[in-house]
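Summary of the model geometry
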Amino acid sequence: HHNKGKLPVIWLETSDSGDNNIAFMNTTYPYLNQIFTDMIDLIYSNTFMAAQGRDALSLVEDTLSNYYGKFTLVVEGAIPTKDGGIYNVIARTRRGPITALEAVTRLGEAAEFVVAIGTCASFGGVSSAAPNVTGSVGVSKVLKRRVINVSGCPVNPDWFVGTLAHLLMYGEPELDELNRPKLFYGHTVHQHCQRRSYFDKKDFAEKLGDIECMFSQGCTGPRTGSDCPYRQWINHVSWPVKVNTPCIGCTNRDFPDGSAPFFTP
Ligand code: SF4
Ligand code: F3S
């Protein structure tokens, strides 16, 4: 329904490691320049833009009045909620700090679509791992509306760019029970794993580095939804199991606490 133009985007980076915007820059189909020229109009991004201070903040205010209900809010990172959200401040003004909690709440209510990029934004992820002293949560926990979760630690650029492309051309994609696009998360890693024949024969690796199935080494592939085995990473050339690393469940709602300690059956 946006077929006449680009998707207006406000991208807020909150509490995360920045891994998702780096992964995003690895996009190859299409390349980053084409995304910026043809797909999205990146109005505000505290990570990518050159504008600073008051100039930057006024872009957000302009968007709220000019694109109300028409822009896409991308959130990268979890939202600290403890002590009024003070553990993540995106700007300081004369009226006081603007917390990530406040910005995401305000922009989230005004956006047409809200997209959580990465596992922190989707479910809290590493930023909300025990003991979670900042009370960090995923974006959907602070908004009373649907959030499209594009989880992964980091996200595969295709999952995110594919979601944006879908929003631009067809609107909301079909989502799974965790509100993730089924297109990318609809099958488990285990379902298409290149070591699946070993699993089926109960032929398990005795140690990391062996070529057999790594279920014995704590692989969470059987309960992790993602298309890693066939989409792969870094220009689609490799993925964890191919380099002898068990899947640690980075797309899961309970990552990382539910997978820790890693590499342990
Ligand atoms: Fe399944 Fe993991 Fe074994 Fe692959 S290595 S077959 S994902 S348990
Ligand atoms: Fe993550 Fe497992 Fe893929 S750890 S990168 S979902 S193989």
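Predicted, not measured: the structure shown is a model, and the values here were computed from it. (Residues numbered from 1 in each chain as written. Chains lettered and ligands numbered in written order. Predicted model: local features only at pLDDT ≥ 70, side-chain atom pairs only at ≥ 80, totals over all residues.)

1. Digging into the UniProt feature "binding site: [3Fe-4S] cluster" (unreviewed entry) in the protein
According to UniProt, the "binding site: [3Fe-4S] cluster" (unreviewed entry) feature falls on Cys228, Cys247 and Cys250. The greatest C-alpha distance among the residues just named is 11.0 Å, despite their covering 23 residues of sequence, which places them together in space. Checked against the element boundaries, Cys247 lands in the segment after helix 9 (228-231). For Cys247, a count of 27 C-beta atoms within 10 Å puts it in the buried group. Excluding its chain neighbours within four sequence positions, the residues that come into contact with Cys247 are Val189, Cys219, Thr220, Gly221, Thr224, Pro240 and Val241. Checked against the element boundaries, Cys250 lands in the segment after helix 9. We classify Cys250 as buried; it has 22 C-beta atoms within 10 Å. Residues within four places of Cys250 in sequence aside, it is in contact with Thr119, Gly152, Cys153 and Phe255. (UniProt positions renumbered as here; feature names shortened; annotations may be inferred. Helix = DSSP H or I, 4+ residues; strand = E, 2+ residues; numbered from the N terminus. Buried ≥ 20, exposed ≤ 12 C-beta atoms within 10 Å, placed from the backbone. Contact = placed C-beta atoms within 7 Å.)

2. Digging into the site of ligand 2
The immediate surroundings of ligand 2 are formed by Val189, Thr224, Ser226, Cys228, Trp239, Pro240, Cys247, Ile248, Gly249, Cys250 and Thr251. Residue classes in the shell around ligand 2 are distributed as 7 nonpolar, 4 polar and no charged. (Near = placed C-beta within 6 Å. Nonpolar A, V, L, I, M, F, W, Y, C, P; charged D, E, K, R; others polar.)

3. A few points about the nonpolar core
Ranked by size, the top nonpolar core spans 43 residues in total, and within it Val75, Val104, Val114, Ala116 and Val139 carry the most contacts. Excluding anything up to four places from it in sequence, Ala116 contacts Val75, Ala121, Ser122, Gly138, Val139, Val147, Ile148, Asn149 and Val150. By size, the runner-up hydrophobic cluster in this structure holds 14 residues, among which are Cys193, Trp239, Val241 and Ile248. (Core = buried A, V, L, I, M, F, W, Y, C linked by C-beta atoms within 7 Å.)

4. Considering helix 4 (residues 100-110)
Within helix 4, burial applies to Ala100, Leu101, Ala103, Val104, Leu107 and Gly108. Looking down the long axis of helix 4, one finds its buried residues gathered within 165° of arc, a one-sided arrangement. Considering only its buried residues, helix 4 is in contact with strand 1 (7-13), strand 3 (72-76), strand 4 (79-80), strand 5 (89-93), strand 6 (96-99) and strand 7 (113-117). (Arc of directions from axis to C-beta.)

5. So, the site of ligand 1
As a structural note, the neighbourhood of ligand 1 is formed by 15 residues, with Cys193, Cys213, Phe215, Cys219 and Gly221 the closest of them. When the residues that make up the shell around ligand 1 are grouped by side-chain class, the tally is 11 nonpolar, 2 polar and 2 charged.

6. Thoughts on unusual backbone geometry
Note the cis peptide between Ala130 and Pro131, where omega equals 5°. Secondary-structure assignment places Pro131 in the loop between helix 5 (119-123) and strand 8 (136-137). A cis amide bond links Ala260 with the next residue in sequence, Pro261, at an omega value of -5°. Within the fold, Pro261 resides in the segment after helix 9.

7. Some words on the UniProt feature "domain: NADH:ubiquinone oxidoreductase-like 20kDa subunit" (unreviewed entry) in the protein
Feature annotation in UniProt places "domain: NADH:ubiquinone oxidoreductase-like 20kDa subunit" (unreviewed entry) on residues 21-167, given in this structure's numbering. Segment residues 21-167 splits into 37% helix and 22% strand. End C-alpha atoms: 19 Å apart.

8. Focus on the confidence of the model for the protein
Summing up the model confidence of the protein, the mean pLDDT is 95 and the portion of residues at 70 or higher is 98%. This prediction of the complex comes with two scores: 0.96 for pTM and 0.99 for ipTM. (pLDDT = per-residue confidence, 0-100.)

9. What to know about the domain arrangement of the protein
Split by domain assignment, the protein resolves into domain 1 (7-184) and domain 2 (187-265). With centres defined by C-alpha atoms, the gap from domain 1 to domain 2 works out at 28 Å. Across the boundary between the two partners, domain 1 contributes 16 residues, which contact 13 residues of domain 2. Taken together, the residues that form the side of domain 1 that touches domain 2 break down as 7 nonpolar, 7 polar and 2 charged. (Domains from an automatic or database assignment.)

10. Brief notes about the sheet that holds strand 9 (residues 148-150)
One open sheet holds the 5 strands; their spatial order is 2-1-3-7-9, and the pairing between them is parallel. A strand with exactly one partner marks an edge of an open sheet, and here the two such strands are strand 2 (40-45) and strand 9. In this sheet, adjacent strand axes meet at a mean angle of 25° when their direction is disregarded. As paired strands, strand 3 and strand 7 are joined by 5 bridges and run parallel to one another. Across the sheet, the residue bridging to Thr72 is Phe113, located in strand 7. Lying over the sheet, helix 4 contacts strand 1, strand 3 and strand 7, oriented at roughly 160° with respect to strand 1. (Pairing = 2+ DSSP bridges. Axes fitted to C-alpha atoms, helices over the stretch in contact; angles between N-to-C directions.)

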